[in-house]
Each structure stands twice: as structure tokens, then as C-alpha cells.
Amino acid sequence: MTYSGAVHVGGPADVHELTDLVISKIAVGPMNNNAYLLRCRATGAQLLVDAAAEPDKLLALIGEDGIAGVVTTHRHGDHWGALSEIVDATGARTYAGRYDAEGIPVPTDTPVGDGDTIGFGEIALTVRHLVGHTPGSVVLVYDDRHGHPHVFTGDCLFPGGVGNTFHDSEAFASLLHDVETKIFDRLPDETWVYPGHGDDTTLGDERPHLGEWRERGW
């Protein structure tokens, strides 16, 4: 089946099969968060992005092979609600942005910053630190050597705009600047975007609207 990225709480995962990487997207409640299980085809090693909620459902998705690590994209509680249970069950290493780690109650084994690499199996993800939604939000860039890049954006970029900056004009300006300079300026239109909630998008679909976002201020 063709991957759409359209998932709902209580429904099955949608699977995006790339040449070297398999991405399983699942929605978990109660905040309709997306969690992403990444699997290296060559080695079977797995990484989870955002252990948001419903640990039993996430553990069923992970399966018996376990996971090498869990990346928490930012410190808001709806993105780490199942982290303790997942780490206890799997022994996975934890990663988070170094400026958000103190706000996550499960200890962060490896704090990461802009330009760092998170590896599992033969897969490497590049970390980009974006300031505005939280001080230490991170997005993960997979530069697929067989095709276009794929970006896991947490709550920093969605279809239709950047993440919530809670009516703080300075935070909005910071987030939009970082999204433009670290994502849009560096990656092509074909780049696939996997957000922390809701449907996927591409940079090409969103790029024409950057000026509109700046003008409206959110």
C-alpha cells in the first residue's frame, strides 16, 4: 500500500518503506501524538522518536527486537508520557536536546545539540536545534542517499505553519528564523516532513507560505 501518513488514535501504524530505512508512524492518545519507529533494513536496529503515550501500543509496535534508543523531540509532557515505561521495558538509550533535557523527568543519557549525529545500525540522523516552541526542541534529518531527505520535526513545523509559540512574538520570530535557516534553506522541496501531531507534508508544499506565516505572526 502507498504510504499516506494519515493515522488516528486507535488505528494501525502507517509504514513508509525506504531503501535503507523503514518508518512506522502511529498515533497515540490522549493528545493525538505521532510516534515514529525507525528500523534499519541492513541490521534490524530500531529507534523510537517520541514515546508519547500508550506504552503497551508502542511496545507492540517495537516488537521483540527492541530498540537502541528513544529520541524525545522536546520537553512537553505529551511527547514523553510513555518514556519511562518504554525505557524500563527495553533498556533503550535516551536522547533529547540539551536545553530541554532538564524538563524531561526520565534522565537523558545523551543530550544532543545542533549538528550532532544520532546513529543506529547503518542509519545516521542529523540533529537540528530549533528555538521557540521550547528552548531545546530538536528535529532529526535523515538524508536518504537513494532519494530525498526526511525530517522529523516534533512540534516545530506542521502543515500550515510553525509550532505554537504561545503568543510570544520573540519566540515566534526565533522559531520561524530557525525553521527557515536550518530546514528550508538547507533542504529541497521534496523533503518529507513528519510532525509531532497530524498529517505529514513536504517542504515544497509549505515553502510558498513562509511569508504568510511571518505576516500573521504565528
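Residues numbered from 1 in each chain as written. Predicted model: local features only at pLDDT ≥ 70, side-chain atom pairs only at ≥ 80, totals over all residues. Heavy atoms only, no water.

J.: Give me the side chain of K57: which residues, what numbers.
T.: By secondary structure assignment, the location of K57 is in helix α1 (residues 55–62). Here K57 occupies a buried position and makes no salt bridge, while the nearest side chain of opposite charge, E54, is found at 4.7 Å. Leaving out residues up to four positions away in the same chain, K57 has contacts with V9, G10, G11, I26, A27 and V28. (Helix = DSSP H or I, 4+ residues; strand = E, 2+ residues; numbered from the N terminus. Buried < 20%, exposed > 50% of the residue type's maximum accessible area, 1.4 Å probe, protein only. Lys, Arg positive; Asp, Glu negative; His and termini not counted. Salt bridge = Lys/Arg side-chain N within 4 Å of Asp/Glu carboxyl O. Contact = heavy atoms within 4.5 Å.)

J.: How would you sum up the sheet that holds strand β6 (residues 93–97)? Please name residues and give values.
T.: With respect to topology, seven strands assemble into an open sheet ordered β1-β2-β3-β4-β5-β6-β7, the strand pairing being mixed. The open sheet has two edge strands, β1 (14–17) and β7 (110–112), and neither has a second partner. On average, each strand axis in the sheet is inclined to that of its neighbour by 20°, with strand direction left out of account. Note: strand β5 (residues 69–72) against β6, four bridges, orientation parallel. Note that in β6 the partner of G69 across the bridge is R93. Relative to the sheet, α1 contacts β2 (21–28), β3 (33–40) and β4 (46–49), its axis offset from that of β2 by approximately 160°. Its contacts with the sheet place helix α2 (residues 83–90) against β4, β5 and β6, and it is angled at close to 165° to β5. (Pairing = 2+ DSSP bridges. Axes fitted to C-alpha atoms, helices over the stretch in contact; angles between N-to-C directions.)

J.: Hey, could you go over the nonpolar core for me, with residue numbers and the actual values?
T.: With 22 residues, the main nonpolar core has L21, I23, L38, I118, F120, L125 and L140 as its most contacted residues. Those elements giving two or more residues to this core turn out to be β2, β3, β4, β8 (117–120), β9 (123–130) and β10 (137–142). Aside from chain neighbours lying at most four places away, what touches F120 is L21, L38, R39, C40, A45, Q46, L47, A68 and L125. (Core = buried A, V, L, I, M, F, W, Y, C linked by side-chain atoms within 4.5 Å.)

J.: Explain the pairing of β9 residue by residue, including any values.
T.: In terms of residue burial, β9 counts as a mostly covered element, since six of its eight residues are buried. Linking two consecutive strands that pair antiparallel, namely β8 and β9, is a turn of two residues; a positive phi of about 55° is found at G121 within it. In terms of strand pairing, β9 meets β10 through five bridges, oriented antiparallel. Opposite H129, over in β10, you have V138 as the bridge partner. Linking two consecutive strands that pair antiparallel, namely β9 and β10, is a turn of six residues; a positive phi of about 155° is found at G132 within it.

J.: So what's going on with the packing of aromatic side chains? Which residues, and what values?
T.: Evaluated as defined, the whole model comprises seven aromatic pairs. By way of ring pairs, the aromatic residues Y3, Y36, F152, W192 and Y194 are connected into one cluster. One Lys or Arg, R216, reaches over the ring of W218 and ends 3.7 Å from the middle of that ring. (Phe/Tyr/Trp six-rings, centres within 6.5 Å; stacked < 30°, edge-to-face > 60°. Lys NZ or Arg CZ within 6 Å of the ring centre and 35° of its normal.)

J.: Let's hear about unusual backbone geometry: which residues, and what values?
T.: Following G29, the chain continues to P30 via a peptide bond in cis, the omega torsion being 5°. Note that P30 resides in the loop between β2 and β3. One non-glycine residue with positive phi stands out, namely F166, at about 60°. Mapped onto the secondary structure, F166 falls in the loop between β13 (161–162) and α3 (169–184). One non-glycine residue, H167, lies in the positive phi region at around 65°. Structurally, H167 is set in the loop between β13 and α3. With relative accessibility at 88%, the residue H167 sits in the exposed group.

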